[in-house]
Amino acid sequence: MQLIPRHDPHLAVRSAGGVTVAALRGELDLVLVRHLRPELDALVRESGALTVDIRRLTFCDATGLGLLAHCAVRTRQRGSCWRLVCDQPWILRLIRLTELDDVLSPEEAAPGEPVDGWPGEFPEGWDPGPSAGLPDLVAPHWDAADPLLSGPGGARPFL
C-alpha cells in the first residue's frame, strides 16, 4: 500500500489495488470538517473502495457525523464499497443514538489492528500539536448585562 502525500496532519491516506484507506485524527468538529471536506470529497470520487478509519479521533460532533454520512452515501451512490472503522465506544454510541447505523455501517476494530493491510498509523513526524495549523477560535460568550452575543470581534446580534 502506498502513502498518498496530502500534507495534512489530520488525514493520512494510503491506496492499493483500488482500495483507499483514509485515517482521520484529531477533533472532527465544524472547523476540521470544513478543512477536510474537499479532501474527502476527492477521495470519494477517486476511490473504487473507501475505508475511513476514525480510531484516532479524540472528538466528533454532529458536523463530523454529517461529513461521514455524506461520504458514505456518495461512495455508495457511485457503486463503490464503503467501510467505517472505529474502536471508540462513545463514537459508536453516538452513531446509534443518531440512528446512523445503517448509513455509516461502523465496524469495530481493535487499536493497532491493520485495516485493509494498513494499521492507520500517521507518518513519522506528523504531530499536529495543539492547534494543528487550524485557526484558533474563541467561543462567543453571553453577557447578562448586554443582550447581544459577545465575541472576540465585539458584540454581534445572536442569530
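Scroll up for the structure.
Since this is a predicted model, take the numbers as computed values, not measurements.

Cut-offs and rules
- Residues numbered from 1 in each chain as written.
- Predicted model: local features only at pLDDT ≥ 70, side-chain atom pairs only at ≥ 80, totals over all residues.
- Heavy atoms only, no water.
- Salt bridge = Lys/Arg side-chain N within 4 Å of Asp/Glu carboxyl O.
- Buried < 20%, exposed > 50% of the residue type's maximum accessible area, 1.4 Å probe, protein only.
- Helix = DSSP H or I, 4+ residues; strand = E, 2+ residues; numbered from the N terminus.
- Polar contact = N/O pair within 3.5 Å; in protein donor to acceptor, adjacent residues only side chain to side chain.
- Contact = heavy atoms within 4.5 Å.
- Core = buried A, V, L, I, M, F, W, Y, C linked by side-chain atoms within 4.5 Å.

(A) Quick look at the pattern of salt bridges. The tally for this structure, following the rule as stated, stands at three salt bridges. Across the pair R55 and D53 runs a salt bridge whose closest N-O atoms are separated by 2.7 Å. Here the two residues R55 and D53 agree in accessibility, since each one is buried. The partner of R83 in a salt bridge is E107, and the shortest N-O contact between them spans 2.8 Å. Residue R83 is found in strand β5 (residues 81-86), and its partner E107 is found in strand β6 (residues 106-108); the two are separated by 24 residues along the sequence.

(B) A look at the side chain of T20. Tracing the backbone through its elements, the reader meets T20 in strand β3 (residues 19-28). Look at T20 and you get buried, because its relative accessible area is 5%. A distance of 3.4 Å separates a polar atom in the side chain of T20 from a polar atom in the side chain of S15. Ignoring anything within four residues of it in the chain, the contact list for T20 reads V13, R14, S15, L43, S47, A49, L50 and T51.

(C) Molecular detail of the nonpolar core. Counting residues in each nonpolar core, the largest one holds 30 residues, and the members touching the most others are L24, L28, I54 and L104. Contributions of two or more residues to this core are made by β2 (11-16), β3, α1 (30-46), β4 (49-60), α2 (62-77), β5 and α3 (89-97).

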